Amino acid sequence: MKPLFLLLAIFLGLSACDKPTQSSGEDHSVAATTEKPASIDGDSETTDKPDSADDDFVWTPERFADVQIIRYQIPGFDELKPRQKALVYYLVQAGLAGRDILWDQNYRHNLSIRRALEAIMSGEQGSGDEWDALSTYARRVFFSNGIHHHYAGDKFIPGFTKDYFLDLLEAASGELNADAVAAMFDPGLDNKKVSQDATGDLVKDSATNYYDPDITDTEVTAFYAAMEHNDASRPTLLGLNSKVVRLEDGSLAEKRWKVDGMYGEAIAEIITWLEKAVTVAENQAQGDALKLLIEYYKTGSLETWDQYNIAWVTATEGDVDYIQSFIEVYQDPKGYKGAYESIVQIKDFEASRRMQKVANDAQWFEDHSTIDPAHKKDKVVGISYNVVSVAGESGDASPSTPIGVNLPNSNWIRAEHGSKSVSLGNIVNAYGHASDPGLLAEFAHDEEEILLNEEHKELAGKLRTALHEVIGHASGKLEPGVGTPKETLKNYSSPLEEARADLVALYFLMDPKLVEMGLIPSLDVGKAAYDSFILNGLMLQLRRIESGNTIEQAHMRNRQMVAAWVYEKGLAKSDDTFIDSSEAETKDAISKVNLEGKTYFEINDYEKVRSLFGELLKEVQRIKSQGDYQAGQDLIETYGVQVDQDIHQQVLDRSEPLNIPPYGGFINPKLTPVLNEAGEMIDVTVSYPTDFVQQMLEYGRDHSFLPDYN
Ligand SMILES: [Zn+2]
């Protein structure tokens, strides 16, 4: 399942379902319903404290190009038992051991280019424009795990000359072969990481290293079509862990990524750390899964990969979990090859308790929802949704990281054994701290809104996520005989489903019940959530769209549809009893205010807005329950697609001087073992490095096991 990525700039109004990447992806909510309930154990009360109490913590130490570097904390780490900390440490080390693999997967010259840049950046820092350009180039390459942009996929253009680079390299006693130098400087060579241009050859035109350079799309299609699944109802993920190469006789073959195959040097290191992890596993199921992962790395068998995934997805006890191996296939133009990644997680005890509390009252929420009684579930069970804290990331998940992950990717395993869906809570939190307060200062209507937001945005965001996931996606039922939303609502099913979940969350965020449950101190939290949702839906999210374009992305369509519908229905002039137009502005539930050529949206009547959210929720649920394609299409097309050109231009013009980088990525915390006199690990300490380049150089020095292949 595609991980959920977050563009830094649009964090306001964030939902954990957000997937700012272009492909619409798959509705995670379906899979999440099959997830096993998270266990809440006795350790939880020890971590019930704010995870960001340290006001001095520098969240954003550095910016370059279009990137903001962010740091994250690991709340709850000190509450883990020493044995659990050791497990986390071993898993993080295993993750780092495979880091080189992703570099080579991204492009065949990446490792050698990285080493050249490491040599230069390790030495004395230069000065002048050309040095600055090179230093920025190196940072961008480190950030992207290669010489192509991590998101857009375009090759970076060096802002310095080849001679300058080669002189520095020589002075640093580094070296780089001629092909790799050409790859860096020749703009006509491998300039797209993953080609999207279907008029060309998607395989040949992509720079990723999953196929030998001269292999074509047609050849790959034929190659895999000829491979038969032994069990069509439980297919293995063909091609997941191999590179396709051309043999001397011209035919194609797979080079497996396994301990005695390709990437074997790095995989051997991964195995070493995983074997240590097995010795401190929290329980039998977790240990058994780790053993199967080791087995997979040894044999490369895709049947073992499936067995491992079944063991992993059913190992739900314990406070430590992880994602490790060749997982997501989005960097392969053919969608077969898994990019190496590692995410090590510990349970976010505080958030888990919040989710549990909400889930325990799932029936109350269903009973008090605004949806038609005929569309309510008689017996609703809250969807288990896990929030975890990341303890370390590597490969495809670092420095740019997802904010949520839903695995495994095999549909039949998901159907038969369930899936794990997690939100990376401390990453989301760090993004929140990193977002530029200047954005709110520019777009918020007044000081009160800013203060409300600053005081409550963290809790508002967390609770909105909890309600959206646990209650929103779990609520409601279809009328008898109506097909699934994918069948009836087709391309509108995804934005409508997200709208439904958002609306459930928004409706209840202003409910006194939440105060009664002890989830929020006052309804001000709900007000902050409303302010931020409306601002984002009507203005801020337009920053992601180029001038003149309409909204394509499903989640953006959902947000604008909801915000624009509520704005329009809340206008006083649509009220029959209203007479005097000069009073219109103050009687609007949400008013559009123009001050000195700038537009602002101000909520005048939160209760009215709440009832409108409720009204729209009822309608969206009706559309889903009855499979009313026409009504769904009308809602989305009328309110979610077209962009107000004047407001759009304003948003672009007013945010441009703020110069907020569109992408964010993270420096990992550093885990250090504490040894006793006998050399045994008795504890692990966490520190938070501040220097991005230093961490990259350290990783290159201490966690690099693959040779230069080119
Ligand atoms: Zn959702």
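Description of the structure in this document. All values reported here derive from a predicted model rather than from experimental measurement. (Residues numbered from 1 in each chain as written. Predicted model: local features only at pLDDT ≥ 70, side-chain atom pairs only at ≥ 80, totals over all residues. Heavy atoms only, no water.)

Moving on, we come to the overall build of the protein chain. The helix and strand inventory of the protein chain stands at 27 helices and 15 strands. The buried share among the 710 residues of the protein chain stands at 58%. Counting contacts in the protein chain only where the partners sit at least 6 residues apart, residues at least 24 apart contribute 72% of the total. As displayed, the protein chain has an accessible area near 28000 Å², and 49% of this comes from carbon and sulfur atoms. (Helix = DSSP H or I, 4+ residues; strand = E, 2+ residues; numbered from the N terminus. Buried < 20%, exposed > 50% of the residue type's maximum accessible area, 1.4 Å probe, protein only. Contact = heavy atoms within 4.5 Å. Areas by Shrake-Rupley, 256 points an atom, 1.4 Å probe, with all protein chains shown as cover.)

What follows deals with helix α5 (residues 129-144). Between its first and last C-alpha, α5 extends 22 Å over 16 residues, near the 22 Å set by a 1.5 Å rise per residue. One or two residues past the end of α5 sits N145, with phi positive at roughly 50°. (Expected span 1.5 Å × (residues − 1).)

That bond from S398 to P399 is cis: its omega, -5°, falls within 30 degrees of zero. Looking at the element boundaries, P399 is found in the loop between β8 (386-395) and β9 (402-407). Cis rather than trans, the peptide bond between L407 and P408 has omega equal to 5°. Residue position: P408 is located in the loop between β9 and α14 (411-417). Although it is not a glycine, S173 sits at a positive phi angle of roughly 60°. As for its placement among the helices and strands, S173 is situated in the loop between α6 (162-171) and α7 (178-185). Exposure remark for S173: the relative accessible area of 69% places this residue in the exposed category.

The subject of this paragraph is helix α10 (residues 284-299). Its 16 residues give α10 an end-to-end C-alpha distance of 22 Å, which sits within 8% of 22 Å, the value for a rise of 1.5 Å per residue. Those residues of α10 that fall on the buried side of the exposure criterion are Q286, G287, A289, L290, L293, I294, Y296 and Y297. On the buried face of α10, the contacting elements are α2 (82-97), α9 (264-279), α11 (302-314), β6 (320-328) and β7 (339-347). Looking at the residues trailing α10, positive phi occurs at G300, about 75°.

Position of K420 among the secondary structure elements: in strand β10 (residues 420-424). The exposure class assigned to K420 is buried, which follows from its relative accessible area of 9%. A distance of 2.7 Å separates a polar atom in the side chain of K420 from the backbone oxygen of W312. A polar atom in the side chain of K420 sits 3.0 Å from the backbone oxygen of A315. (Polar contact = N/O pair within 3.5 Å; in protein donor to acceptor, adjacent residues only side chain to side chain.)

Here we come to the sheet that holds strand β2 (residues 62-64). Strand pairing in a sheet is mediated by backbone hydrogen bonds. Such pairs are either parallel or antiparallel. If you trace the 3 strands from one edge of the open sheet to the other, you get β2-β3-β13, paired in mixed fashion. Where the open sheet ends on each side, the last strands, each with one partner, are β2 and β13 (663-667). Between one strand axis and the next, the sheet turns by 30° as a mean value, whatever way the strands run. As judged from the 5 bridges shared by strand β3 (residues 67-71) and β13, these two strands associate in the parallel manner. (Pairing = 2+ DSSP bridges. Axes fitted to C-alpha atoms, helices over the stretch in contact; angles between N-to-C directions.)

Considering all chains together, one arrives at 33 salt bridges under this definition. Close ionic contact of R108 with D190 constitutes a salt bridge, the shortest N to O distance being 3.4 Å. Of this pair, R108 sits in the loop between α3 (99-106) and α4 (110-122) while D190 sits in the loop between α7 and α8 (217-225), and the two are 82 residues apart along the sequence. According to the relative accessible area criterion, R108 is partly exposed, its value standing at 22%. (Salt bridge = Lys/Arg side-chain N within 4 Å of Asp/Glu carboxyl O.)

Here the focus is the packing of α4 against helix α27 (residues 692-702). The N-to-C vectors of α4 and α27 enclose an angle of 125°; their axes lie 10 Å apart at closest approach. With respect to each other, α4 and α27 are oriented oblique. Our pair here, α4 against α27, has a crossing hand that is left-handed. Across from R114, E118, M121 and S122 in α4, the residues of α27 making contact are V693, M696, L697 and G700. Classifying every residue of the contact of α4 with α27 gives 4 nonpolar, 2 polar and 2 charged. (Parallel < 35°, antiparallel > 145°, perpendicular 65-115°, else oblique. Left-handed = near helix turned anticlockwise from the far one by under 90°. Nonpolar A, V, L, I, M, F, W, Y, C, P; charged D, E, K, R; others polar.)

We now examine the environment of N453. When you line up the elements, N453 lands in helix α17 (residues 447-472). Separated by 71 residues in the primary sequence, N453 and D524 have C-alpha atoms spaced 9.2 Å apart.

Pairing geometry for strand β14 (residues 670-675) and strand β15 (residues 681-687), over 6 bridges, is antiparallel. Residue pairing in the sheet places L675 in a bridge with M681 of β15.

Once that is clear, we can look at the environment of Q84. Secondary-structure assignment places Q84 in helix α2. Residue classification places Q84 among the buried residues on the basis of a relative accessible area of 8%. Considering only alpha carbons, one finds Q84 and D683, 599 residues apart in sequence, at a separation of 9.4 Å.

On the secondary structure map, T672 appears in strand β14. For T672, a relative accessible area of 32% corresponds to the partly exposed category. Sequence separation of T672 and V684 is 12 residues, and the distance between their C-alpha atoms is 5.4 Å. Setting aside residues no more than four positions away along its own chain, T672 makes contact with D683, V684 and T685.

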